[in-house]
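Below are the chains, spelled out letter by letter.
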Number of protein chains: 2
Amino acid sequence: MSAAPDYIVGVDLGGTNIVSLLMTGKGEIVGRDTRPTLAKEGKDKALSQIVNSVKRILEESEAKLGISSKSIIGLGIGSPGPLSIKKGLIHFAPNLAGWTNVPLVDILRDKLALPIFLENDANAAALGEWWRGAGKDVDNLVLLTLGTGIGGGIIIQGEVLHGAWDTAAEIGHMIIHEGGLVCGCGKKGCLEAYASATGVIKRTLAAIREGKKSILADAVKNRWENITCQLVYKAAEKGDSLSRWIVEETARYLGIGIASIVNVLNPEMVILSGGMIAAGALIFKPVRKYARENALAAAIERVEIVPAALSGNSGAIGAAATVLKRTGLL
Amino acid sequence: MSAAPDYIVGVDLGGTNIVSLLMTGKGEIVGRDTRPTLAKEGKDKALSQIVNSVKRILEESEAKLGISSKSIIGLGIGSPGPLSIKKGLIHFAPNLAGWTNVPLVDILRDKLALPIFLENDANAAALGEWWRGAGKDVDNLVLLTLGTGIGGGIIIQGEVLHGAWDTAAEIGHMIIHEGGLVCGCGKKGCLEAYASATGVIKRTLAAIREGKKSILADAVKNRWENITCQLVYKAAEKGDSLSRWIVEETARYLGIGIASIVNVLNPEMVILSGGMIAAGALIFKPVRKYARENALAAAIERVEIVPAALSGNSGAIGAAATVLKRTGLL
């Protein structure tokens, strides 16, 4: 690592929020903008949101802190994919309407007059946690983003694993039960089909349909379309037996997925991020137990399984770190 | 890559055979010794077999080719594990009697007066195929050794993936069917439990016990303890419907495991090695089909799934390549 450069920008383009950060090369956050993604309003709308978000933090930091745009060495952006880093192209973003074959790097370079570096969103989150978060003292880690789907990022000896065509770390699509539940990707038995928020809700509703009783009925006022993962966790905390069973099963599926990834990659740390981690020990304790039960002892015995430390910022921080990585500064 | 050094030695320590090679730094084989491992006769016996095997090729090459031992820059050895590369220690080798905490590197250095470099056996095979075999034109590959168990080796950007504690690439212990068949490792549902030679035989015998008819009964003369994978493949080639179903199922499990590893690592190539690949198209055709059906399109579409090209030599060639890798010559 050489001397810290002046400033870098990191943008996390999510289906829900766009988070933009201005950071020093040492990793301090000096400017932040976040806005809900107008994901359904088409490609151009979201693109202008990104541009406006970045312009706003650049203008603010110039006005308030006297930071000249000349001292900004580049902008990293974490985007959903599949995408091509070399081409700077988003092939397809399932949660952003109209995002098919978007030359994101070219567009942002034109609008912002900055060097632009593209990274997959979950890879960026993993890099962010490695640089400034839960993984800052380790060199080999795996991050799982637990949300509507399950994404993944893999850091090996301090570098993001991209694979041959930038599709690596699709950990949510490891098959943990061949022939099992249908996943959003169309295949059967993926980890995501069982342990994502979508999977949790599906399994809860299936149990209700089978006639299982639960205080969740009151929580959703018998309107089951209102069920959320958070409600299931809350009900589990209150001792609801169906919800406890659902949480235990979710932890078991996650533990099995983590066991497989640990057997394959032998990381030092597995970081869980996303809404589900708010459940705390309720989920982490059984996840750790099932991971240990299902992985080879030599691979798992020293692995830490921990929550992300940068909460909503890990993706944008990792996007900023991408600038340093690609320019050889980190 | 710098100029090729003089000579290197590679040893593949297997539960069945010890293969030793003398190679030029460019990868030509100039001496070879192979002998059946006296695996049950204790640690010292196998150790002296290794030493004698290496001494023999060194003496022969000196006598016949005038190769001085001074021009040999080191010896690489691929060993079963778990092991520690840094410590040069074999923690435990399940198929070698008495191999617990064996300081293999120190022992061989004392006996052979050469720099010794330790590598995991399946990692060595992957490196061998990358250097001189099926993977010589790609930088990212995964190798599966299909035998009594299923081992794995992973090459990322031309380097062996070791993980934090040298246990990476235990691909046979990815869980493909949680709660499923018990594996040799004691866990349930591992790829190895289904698709190893052991798994194939177990599933065949289970079908026979269920009353399925097969020409295998004649092949083993109704002594089912004589069943082998090879007999199942031969019967499948002859059109035996039970055997065909077993082979198809084996290919399906392998395809599912390959799909998971492709989703996680996005390699350019998956190489299968071991006895099972003798079945040729009978196994490769359905394996490719099931891998494509179960992996994400963006990850699998350009992946080649091919047999190992170096047959019984890939481990020893990779062990030799380890010398070049560790000394910065490759």
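Because the structure is predicted, anything quoted here is derived from the model rather than measured.

Trainee: Account for the sheet that holds strand 10 (residues 150–156) of chain B, naming residues and giving values.
Mentor: Residues and elements named next belong to chain B. If you walk across this open sheet you meet the five strands as 11-10-9-12-13, and the pairing is mixed. Of all the strands in the sheet, the pair left with one neighbour each is strand 11 (159–160) and strand 13 (304–307). Examined bridge by bridge, strand 9 (residues 141–146) and strand 10 share six bridges and lie antiparallel to one another. In the sheet register, Thr145 faces strand 10, and the bridge partner there is Gly151. Contacts between helix 9 (residues 281–294) and the sheet are confined to strand 12 (269–273) and strand 13, with strand 13 contributing the most and set at about 155° to the helix.

Trainee: Explain helix 9 of chain B to me, and be specific about the residues and the numbers.
Mentor: Residue and element names in this part refer to chain B. For helix 9, spanning 14 residues, the distance from its first C-alpha to its last is 19 Å, which sits close to the expected 20 Å at 1.5 Å a residue. Of the positions making up helix 9, those classed as buried are Ile283, Phe284, Pro286, Val287, Tyr290, Ala291 and Asn294. Looking at the buried positions of helix 9, the neighbouring elements they touch are helix 7 (229–237), helix 8 (241–265), strand 12, helix 10 (297–300) and strand 13.

Trainee: Break down the pattern of salt bridges for me, with residues and values.
Mentor: Taken as a whole and assessed by the stated rule, the structure comprises 24 salt bridges over all chains. Measuring nitrogen to oxygen at the nearest pair gives 3.7 Å for the salt bridge that ties Lys212(B) to Glu210(B). For Lys212(B), a relative accessible area of 40% gives the class partly exposed. A cluster of three or more residues bridged by salt bridges with shared partners is formed by Asp33(A), Arg35(A), Arg56(A), Glu60(A) and Lys64(A).

Trainee: Go over the relation of the copies chain A and chain B, please, and point to the residues and values.
Mentor: Note on the copies: chain A fits chain B at an RMSD of 0.0 Å, the axial shift is 0.0 Å, and the rotation between them is 180°. Both chain copies can therefore be described as sitting about a two-fold axis. Residue by residue, 100% of the interface of chain A is reproduced at the interface of chain B, so both copies engage with the same surface.

Trainee: Could you give an account of the environment of Leu13(B), with specific residues and numbers?
Mentor: All names here are of chain B. Secondary-structure assignment places Leu13 in strand 1 (residues 7–13). What makes Leu13 buried here is its relative accessible area of 0%. Sequence-distant contacts of Leu13, defined by excluding residues within four places in its chain, comprise Ile18, Ile50, Ile77, Gly78, Ser79, Pro80, Leu96 and Trp99.

Trainee: Break down the packing of aromatic side chains for me, with residues and values.
Mentor: In this structure the tally under the stated criterion is two aromatic pairs over all chains. Aromatic pair Tyr194(A) and Tyr253(A): ring centres 4.5 Å apart, planes at 45°, arrangement tilted. With Tyr194(A) in helix 4 (residues 191–195) and Tyr253(A) in helix 8 (residues 241–265), the pair connects residues that are 59 residues apart, well separated along the chain. Across the pair, exposure class does not vary: Tyr194(A) and Tyr253(A) are buried alike. It is Arg252(B) that lies over the ring of Tyr253(B); its NZ or CZ is 5.2 Å from the centre.

Trainee: Explain the sheet that holds strand 5 (residues 83–84) of chain A residue by residue, including any values.
Mentor: Residue and element names in this part refer to chain A. The strand order across the open sheet built from three strands is 5-6-7, with neighbouring strands paired in antiparallel fashion. Looking at which strands have only one partner, the edges of the open sheet turn out to be strand 5 and strand 7 (100–102). The sheet contact formed by strand 6 (residues 89–92) and strand 7 spans two bridges and is antiparallel. Bridge pairing in strand 7 places Ile90 opposite Val102.

Trainee: Give a detailed account of the environment of Trp131(A), specifying residues and quantitative values.
Mentor: All names here are of chain A. Summarising the element assignment, Trp131 is placed in helix 3 (residues 121–132). Each C-alpha atom, one on Trp131 and one on Ile175, is 30 Å from the other, the two residues being 44 residues apart in sequence. Residue contacts for Trp131: discarding those within four places in its chain leaves Ile8, Met23, Thr24, Gly25, Lys26, Gly27, Lys136, Ile317, Ala321, Leu324 and Leu330.

Trainee: How would you summarise the interface of chain A and chain B if you had to cite specific residues and measurements?
Mentor: Listed per partner, the contact involves 43 residues of chain A and 43 residues of chain B. Across the interface of chain A and chain B, roughly 3600 Å² is buried in total on both sides, 60% from carbon and sulfur atoms. On inspection of chain A and its partner chain B, the count reaches two salt bridges. A salt bridge links Glu178(B) to Arg252(A); the shortest N-O distance between them is 2.8 Å. Scanning the region where chain A abuts chain B turns up 27 residue pairs in polar contact (both at pLDDT 80 or more). Put simply, the parts of the chain that give the side of chain A that touches chain B at least two residues each are strand 10 (150–156), helix 8, helix 9 (281–294) and helix 10 (297–300) of chain A. The element that contributes the greatest number of residues to the side of chain A that touches chain B is helix 8 of chain A, accounting for eight residues.

Trainee: Tell me about helix 2 (residues 104–112) of chain A, and please be specific about residues and values.
Mentor: Residue and element names in this part refer to chain A. Within the span of helix 2, buried status applies to Leu104, Val105, Leu108 and Leu112. Viewed end-on, helix 2 has its buried residues packed into an arc of 95°, placing them on one side of the element. Residues of helix 2 that are buried in the fold lie against helix 1 (43–65), strand 4 (72–79), strand 6, strand 7 and strand 8 (116–120). One or two positions beyond helix 2, positive phi appears at Ala113, with a value near 50°.

Trainee: Describe in detail the packing of helix 8 of chain A against helix 9 of chain A, supporting the description with residues and values.
Mentor: Residues and elements named next belong to chain A. Where helix 8 contacts helix 9, the axes come no closer than 7 Å and their chain directions differ by 45°. Put simply, helix 8 runs oblique to helix 9. Both helix 8 and helix 9 take part in a crossing whose hand is right-handed. The residues of helix 9 that touch helix 8, namely those facing Val247, Glu248, Thr250, Ala251, Arg252, Leu254, Gly255, Ile256, Ile258, Ala259 and Asn263, are Leu282, Ile283, Pro286, Val287, Lys289, Tyr290, Ala291 and Asn294. Here the residues of the contact of helix 8 with helix 9 are counted per class, giving twelve nonpolar, four polar and three charged.

Trainee: So what's going on with the domain arrangement of chain A? Which residues, and what values?
Mentor: All names here are of chain A. Domain annotation of chain A identifies domain 1 (7–128 + 313–326) and domain 2 (138–309). Summarising the inter-unit geometry, the C-alpha centres of domain 1 and domain 2 are found 27 Å apart. Of the residues lining the interface, 13 residues belong to domain 1; the matching set on domain 2 comes to 16 residues. Taking both sides of the interface into account, the surface hidden between domain 1 and domain 2 amounts to around 960 Å²; carbon and sulfur atoms contribute 56%. Between the two partners, domain 1 and domain 2, sit four residue pairs in polar contact (both at pLDDT 80 or more).

Conventions we followed
Residues numbered from 1 in each chain as written. Chains lettered and ligands numbered in written order. Predicted model: local features only at pLDDT ≥ 70, side-chain atom pairs only at ≥ 80, totals over all residues. Heavy atoms only, no water. Pairing = 2+ DSSP bridges. Helix = DSSP H or I, 4+ residues; strand = E, 2+ residues; numbered from the N terminus. Contact = heavy atoms within 4.5 Å. Axes fitted to C-alpha atoms, helices over the stretch in contact; angles between N-to-C directions. Expected span 1.5 Å × (residues − 1). Buried < 20%, exposed > 50% of the residue type's maximum accessible area, 1.4 Å probe, protein only. Salt bridge = Lys/Arg side-chain N within 4 Å of Asp/Glu carboxyl O. Least-squares fit on C-alpha atoms with pLDDT ≥ 70 in both. Phe/Tyr/Trp six-rings, centres within 6.5 Å; stacked < 30°, edge-to-face > 60°. Lys NZ or Arg CZ within 6 Å of the ring centre and 35° of its normal. Buried area = accessible area lost by both parts, 1.4 Å probe. Polar contact = N/O pair within 3.5 Å; in protein donor to acceptor, adjacent residues only side chain to side chain. Arc of directions from axis to C-beta. Parallel < 35°, antiparallel > 145°, perpendicular 65-115°, else oblique. Left-handed = near helix turned anticlockwise from the far one by under 90°. Nonpolar A, V, L, I, M, F, W, Y, C, P; charged D, E, K, R; others polar. Domains from an automatic or database assignment.

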